[in-house]
Amino acid sequence: MERGATCDYLMRLFAHVELVTQVGDCATLSGIIRFFVRFSEQNPCVLSRSCLFYVFLSGNKVLGEEPFTKIIKDEIKTFSYPVSFFAPYMSDANVKSLVNNFLDGTALCIQDYLQAMCHNKGRQRRKLGALLPDLSDLYKKSENFDNMLHAYLSNNENSANHMRSYSCWVLFITVEVMIKYLLLGWDLELYGIHEAHYIYCYLEYLFSWLRQTIICGQDQVLAGEALEKKLAKRNKNMKRKKREKTNHMVLQMTNVYQMMSHGYIKALEGFALQGKLDSFLDRQFDKEELRFRQRFLPFNIAMPVPLEISKYPSLSHIIAHAPPGQEQELFQESLENFTSVRQVLDRIPPQHSVDMLAKVVKMNCVQMGLVVNGHCKDSKKAPILDFSICQNVPFIKVV
């Protein structure tokens, strides 16, 4: 390697290592995961990726100080506020032992998740796919754990309804990993334009699950706060802490991505009816069902329930059964979805990631507006999904 190239490499390495030190500013597990994802998006070298993991976590302690299980416990407490974390119940030796054992098992899965994000993107995707069966097993254990705690706490002196506090959070993490797995496929250019339809159908399905878990977590937080207030009245020495609502932004962005996925689905269905995807769909040996099953093979886990091919509205079926002129309705529906997303994003405080997303959405609004008015109506060229602005969200170029 020449001297100039060596100096450039070392400068990039030092810049990434300096960025690694900022992981200490992340106070929550969700913030830490976002940091790992953003760091990975900069395509750092293997040395700096390794530095990030081992600086953050050494000997099961975060930055060599706080136990990793404490970070996980705080995250679950913020997400669903399990009643088993309340002082009257954690003082019970049986409850404390059960919770600590569950957190120890959970820590192994989350460590694997973070370590997966420290690989290059191709290996990241393989690691995330391999992690899903472990998360599925963890979900089953968390469900049993919830039921066990509910039965135990119902017979406690301070009787309480435990609900699905732990399994709800594990399901949230599982769906997040599945979404990342699919989005990495765009980064790695693994999908063709003819596959985009079922990729976005599955993404819409997963964002629906993610939304349900967040709402479920919020409901549990409200129930937990009501119980905490009730216990505080009984025990005047028990202090109640003010809690920050942290999931509102996550829920808002989940709704945004779900609406965007629906916008892409309707646009692609309209293009298929115009014959713009015929060159991909008319292959003699092409089997859409086989491709669907192969793409989502890692998703054959307990929860969320896999999206069956029988419930997927394939493009071939839509082309065969759509009435004449329906493409205009589909394009109009796509435009309305992107317009709704644009209005939501305009109300969110400025952030770099939101600004980039808003830019893509505005371009999609313009493109779909042109398509609704007949732009390139007679062209048989397939549209282009351009990821040059945002890595995971394309703008549609009609040619």
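For the structure given in this document, a descriptive report is provided here. This structure is a prediction, so every number in the text was calculated from the model and none was measured. (Residues numbered from 1 in each chain as written. Predicted model: local features only at pLDDT ≥ 70, side-chain atom pairs only at ≥ 80, totals over all residues. Heavy atoms only, no water.)

1. Considerations on the overall build of the protein chain
Step number 1: Broken down by element type, the protein chain carries 15 helices and 5 strands.
Step number 2: Taken over C-alpha atoms, the radius of gyration comes to 24 Å for the protein chain, in line with the 21 Å a tight globule of 399 residues would show.
Step number 3: Dimensions of the protein chain, computed from C-alpha atoms along their principal axes, come out at roughly 75 × 60 × 40 Å.
Step number 4: Across the 399 residues that make up the protein chain, the buried fraction comes to 50%.
Step number 5: In the protein chain, the proportion of contacts linking residues at least 24 apart, taken out of those at least 6 apart, comes to 76%.
Step number 6: Each charge sign in the protein chain was given a centre, from 47 positive and 41 negative side chains, and these centres are 5 Å apart. (Helix = DSSP H or I, 4+ residues; strand = E, 2+ residues; numbered from the N terminus. Rg over C-alpha atoms; globule rule 2.2 N^0.38 Å. Buried < 20%, exposed > 50% of the residue type's maximum accessible area, 1.4 Å probe, protein only. Contact = heavy atoms within 4.5 Å. Lys, Arg positive; Asp, Glu negative; His and termini not counted. Charge placed at Lys NZ, Arg CZ, Asp CG, Glu CD.)

2. Digging into the pattern of salt bridges
Pairing between side chains becomes possible if they bear opposite charge and their charged atoms approach one another.
Step number 1: Under the definition given, this model contains 6 salt bridges.
Step number 2: Note that Glu66 is salt-bridged to Lys70, the shortest N-O span being 3.6 Å.
Step number 3: Here Lys70 and Asp74 are joined by a salt bridge, their closest N and O atoms 2.9 Å apart. Residue Lys70 and its partner Asp74 are both found in helix α4 (residues 68-79); the two are separated by 4 residues, about one turn of the helix.
Step number 4: On the accessibility criterion, Asp74 (31% relative accessible area) is partly exposed. (Salt bridge = Lys/Arg side-chain N within 4 Å of Asp/Glu carboxyl O.)

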